[in-house]
Amino acid sequence: LNPTIILCEGSDQATWVESLNAMGYPTYCWVPESIDEIYNMMIEMGELLGVKEVAEELVAGYYARIEEIKAITANLTPIRTYFEIAHQSDYGEYGKYGPYTEGGNTPFDQMIQIAGGVNIFNDGEGYINLYDSYGEEAFAEISKRDPQVILSPYWPGAYDFEVTSLYEIMTRPTFEQTQAVQTGRVAYYDSSLMKRFGPRTIKAIEKLAYLLHPYYFSNPENSVSPWELGKIDVAENFPAPLN
């Protein structure tokens with residue numbers, strides 16, 4: 001394809017930069033670790049593509065919208081939020097991994113704060129494998145922090161083994177003790193929207209504000225509602241009916 005320039009985002013992609021530059025393709029990669037770095041990335045991309053003023057105008061609009069959201073959430077009680085990046089997987093002899101979440105001072109943590117929540121694992125750092133940190137007590141540790149909302153990733157075209165059913169989450173050991181399960185506030189979030197940083201990050205924040213404070217925010221336009229993302233648990237073994 002002989003590209004004029006290559007732009008990429010993410011730590012895995014960052015490993016490509018040196019070899020691609022050596023092949024003669026100007027390559028730039030970003031690994032944003034905060035909201036500011038996401039928008040700085042956009043401005044830098046704009047400058048590389050010769051449209052820096054357009055990028056700056058877009059970013060200024062995003063920051064203005066963030067301030068509008070914060071003006072509302074500043075007067076609301078923060079909602080304790082457990083934001084699951086990926087569920088726990090058991091690889092037998094190779095061990096268990098997860099569930100995974102994000103610690104404090106990450107883009108996800110900041111998005112939750114802006115949207116009127118508090119990340120229950122904001123005392124951790126970066127990408128956290130909770131099984132590494134708490135072993136068999138990983139689920140109990142989540143319950144101890146008593147989230148009021150539990151959010152789990154879902155995306156169009158996802159395979160059953162990739163997605164955690166809401167039933168599985170609500171019946172995890174000790175999760176019945178959490179306010180989130182007791183009040184039914186366990187929901188999916190659009191994984192593509194939340195995890196791919198860029199122009200849609202502001203919509204991701206608006207979506208989080210709606211999920212955390214539905215009486216004060218509307219579902220953003222051109223955004224799939226959490227109910228439309230609902231996944232019927234056809235693969236689950238349902239419990240016996242109540243008498």
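Once a new chain begins, its residue numbering starts again from 1 and follows that chain's sequence as written. Totals for whole chains, interfaces and linings use all residues, but because this is a predicted model, local features are given only for residues with pLDDT of at least 70 and pairs of side-chain atoms are given and counted only at 80 or more. Hydrogens and waters are ignored; side-chain quantities use all the structure's heavy atoms.

Caption draft 1: Focus on the pattern of salt bridges. Only one rule defines a salt bridge in this text: a Lys or Arg side-chain nitrogen within 4 Å of an Asp or Glu carboxyl oxygen. Enumeration over the complete set of coordinates arrives at eleven salt bridges. In this structure, the salt-bridge partner of R65 is E206, at a minimum N-O distance of 2.7 Å. Linking R65 in helix 4 (residues 52–73) with E206 in helix 11 (residues 201–212), this pair joins segments that are 141 residues apart in sequence. The buried label goes to any residue with under 20% of its type's maximum accessible area, the exposed label to any with over 50%, and the partly exposed label to all in between, with areas taken from a 1.4 Å probe on protein chains only. For R65, a relative accessible area of 26% gives the class partly exposed. A salt bridge links R172 to E84, with the shortest nitrogen-to-oxygen separation between them at 3.0 Å. Of this pair, R172 sits in the loop between helix 8 (166–170) and helix 9 (179–182) while E84 sits in the loop between strand 3 (79–83) and strand 4 (89–90), placing them 88 residues apart in sequence. Relative accessible area serves as the criterion here: at 1%, E84 is assigned to the buried category. Several salt bridges converge on common partners, so that one network encompasses D123, E141, K144 and R145. Note on conventions: DSSP H or I runs of at least 4 residues are helices, E runs of at least 2 residues are strands, and numbering of each starts at the N terminus.

Caption draft 2: Main features of the packing of helix 3 (residues 35–48) against helix 4. Put simply, helix 3 and helix 4 touch, their axes get as near as 7 Å, and they point 160° apart. As the angle between them shows, helix 3 and helix 4 are arranged roughly antiparallel. The hand of the helix 3/helix 4 crossing is right-handed. Side by side, helix 3 and helix 4 meet where I35, D36, Y39, M42, I43, G46 and E47 of the first sit next to K52, A55, E56, V59, Y62, Y63 and I66 of the second. Each residue belonging to the contact of helix 3 with helix 4 can be placed in one class, and the counts come to nine nonpolar, one polar and four charged. Between the N-to-C directions of two axes lies an angle of 0 to 180 degrees, each axis being a line fitted to C-alpha atoms and, for a helix, fitted only over the stretch in contact. Working rule for angles: under 35 degrees goes down as roughly parallel, over 145 as roughly antiparallel, 65 to 115 as roughly perpendicular, anything else as oblique. In this scheme the crossing of two helices becomes right-handed for a clockwise turn of the near helix relative to the far one and left-handed for an anticlockwise turn of less than a right angle. Whether two residues are in contact is decided by their heavy atoms: any pair within 4.5 Å suffices. Residues are grouped as follows: nonpolar covers Ala, Val, Leu, Ile, Met, Phe, Trp, Tyr, Cys and Pro; charged covers Asp, Glu, Lys and Arg; every other residue, Gly included, is treated as polar.

Caption draft 3: The pairing of strand 1 (residues 6–9), seen in detail. Every second residue of strand 1 is oriented toward a common face, the buried set being I6 and C8 and the non-buried set L7 and E9. Only strands that DSSP links by at least two bridges are regarded as paired with each other. Alignment of strand 1 against strand 2 (residues 27–30), held across four bridges, turns out to be parallel. Bridge pairing in strand 2 places C8 opposite C29.

Caption draft 4: Looking closely at helix 11. A helix is expected to span 1.5 Å multiplied by its residue count minus one. Helix length check: helix 11 (twelve residues) gives 16 Å between terminal C-alpha atoms against 16 Å at 1.5 Å per residue, within 8%. With respect to burial, helix 11 is a largely interior element, eleven of its twelve residues being buried. Along helix 11, the positions that sit buried rather than exposed are T201, I202, A204, I205, E206, K207, L208, A209, Y210, L211 and L212.

Caption draft 5: Layout of the packing of aromatic side chains. Here is the rule: rings of Phe, Tyr and Trp (six-membered ring for Trp) pair when centre to centre is within 6.5 Å. Planes less than 30 degrees apart are stacked, more than 60 are edge-to-face, and the remainder are tilted. A full pass over the atoms with the stated rule returns eleven aromatic pairs. With a centroid separation of 4.4 Å and 15° between ring planes, the pair formed by F83 and Y189 is classed as stacked. Here F83, found in strand 3, pairs with Y189, found in strand 10 (residues 186–190); they are 106 residues apart in sequence, far enough to count as distant. Of the residues examined, F83 reaches a relative accessible area of 3% and is grouped as buried. Residues Y154 and Y188 carry aromatic rings whose centres are separated by 5.1 Å and whose planes lie at 35° to one another, so their mutual orientation is tilted. Residue Y154 is located in strand 9 (residues 149–154), and its partner Y188 is located in strand 10; the two are separated by 34 residues in the primary sequence. For the pair Y154 and Y188, one class covers both residues: buried. Linked through ring pairs, F83, F108, Y189 and F197 together constitute an aromatic cluster.

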